[in-house]
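Coordinate analysis (summary)
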Amino acid sequence: NVKSQVAAVAVPQCHWTDGSLLDIEVVGRACTALHIPLALDVTQSAGMMGIDVGVIQPAFLCCSVHKWLLGPYGFCLVYVAKRYHATGLPLEHFERNRAGSSDPSWDIQGAMTSKGYPEQFEPGARRFDSGGRLN
């Protein structure tokens, strides 16, 4: 049983060494049929090739923007499927992805209490934001 042996499938759309392509629509359909989350890295293809998340249905899609999106080095984008917005755990845990962080009083008093940061995350995909935000 593949499902019991595979927790997730993580692949690129286009391999960085030789440009070979994966048929990510086929991979997406297989992952959807088996209920296996698909994490897709489109760093090498975003901006050059079409990507339809409605067809592919990845759980996560990410890319660095410094290639064909012509963005600055060190920045990246991430797409998180709606089904993970309420339950997915972020990689980073800091005050600005916690519920209530948009309250202006946090900039004055901070969010840290004697018990640490608030346990609840911001609603939706904001829980996956990285680092801090400008004041």
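Preceding this section is the structure that the text describes.
All of these numbers come straight from a predicted model, not from anything done at the bench.

This part covers the pattern of salt bridges. Pairing between side chains becomes possible if they bear opposite charge and their charged atoms approach one another. Tallied over the entire structure, the rule returns 2 salt bridges. Measuring nitrogen to oxygen at the nearest pair gives 3.8 Å for the salt bridge that ties Glu 122 to Arg 126. In this structure, Arg 126 and Asp 129 form a salt bridge, with 3.4 Å as the shortest nitrogen-oxygen distance. One network of salt bridges, with partners in common, ties together Glu 122, Arg 126 and Asp 129.

Take the packing of aromatic side chains next. Taken as a whole, this structure holds 1 aromatic pair when the rule is applied. Here the aromatic rings of Phe 60 and Tyr 84 are separated by 4.9 Å at their centres, their planes lie at 35 degrees, and the arrangement is tilted. With Phe 60 in strand 3 (residues 60–64) and Tyr 84 in the loop between strand 4 (76–80) and helix 4 (106–109), this pair connects stretches of sequence that are 24 residues apart.

Let us now look at the pairing of strand 1 (residues 9–12). As defined by bridge partners, strand 1 adjoins strand 2 (residues 38–41) across 4 bridges and the pair is classed as parallel. For Val 9, the partnering residue across the bridge sits in strand 2 and is Leu 38. In this fold, strand 1 hands off to helix 2 (residues 24–34), which returns the chain to strand 2; that crossover is right-handed.

A surface patch of nonpolar side chains, amounting to about 440 Å² of accessible area, comprises Leu 21, Met 48, Met 49 and Trp 68. Looking at the element boundaries, Met 48 is found in the loop between strand 2 and helix 3 (53–56).

Moving on: the pairing of strand 2. Side chains Leu 38 and Leu 40 project from strand 2 onto a buried face, and the interleaved Ala 39 and Asp 41 project onto a face without burial. Alignment of strand 2 against strand 3, held across 3 bridges, turns out to be parallel. By the bridge assignment, Leu 40 is partnered in strand 3 with Leu 61.

Among the structural elements, Thr 43 can be located in the loop between strand 2 and helix 3. Look past the residues within four positions of Thr 43 in its chain and what remains in contact with it is Cys 62, Cys 63, Ser 64 and Lys 67.

Below, the discussion takes up the sheet that holds strand 4. Taken together, 4 strands build an open sheet; the order of strands is 1-2-3-4 and the sheet is mixed. Single-partner strands in this sheet number two, and they are strand 1 and strand 4. Averaged over all neighbouring strand pairs, the angle between strand axes comes to 15 degrees, with direction disregarded. Pairing analysis gives 5 bridges linking strand 3 to strand 4, with the strands arranged antiparallel. From the neighbouring strand, Phe 60 faces strand 4, where its bridge partner is Val 80.

Definitions and limits used
Residues numbered from 1 in each chain as written. Predicted model: local features only at pLDDT ≥ 70, side-chain atom pairs only at ≥ 80, totals over all residues. Heavy atoms only, no water. Salt bridge = Lys/Arg side-chain N within 4 Å of Asp/Glu carboxyl O. Phe/Tyr/Trp six-rings, centres within 6.5 Å; stacked < 30°, edge-to-face > 60°. Helix = DSSP H or I, 4+ residues; strand = E, 2+ residues; numbered from the N terminus. Pairing = 2+ DSSP bridges. Right-handed = clockwise from strand over helix to strand, strands pointing away. Patch = residues over 30% accessible without salt bridge, like charges linked within 9 Å, V, L, I, M, F, W, Y side chains within 5 Å. Areas by Shrake-Rupley, 256 points an atom, 1.4 Å probe, with all protein chains shown as cover. Buried < 20%, exposed > 50% of the residue type's maximum accessible area, 1.4 Å probe, protein only. Contact = heavy atoms within 4.5 Å. Axes fitted to C-alpha atoms, helices over the stretch in contact; angles between N-to-C directions.

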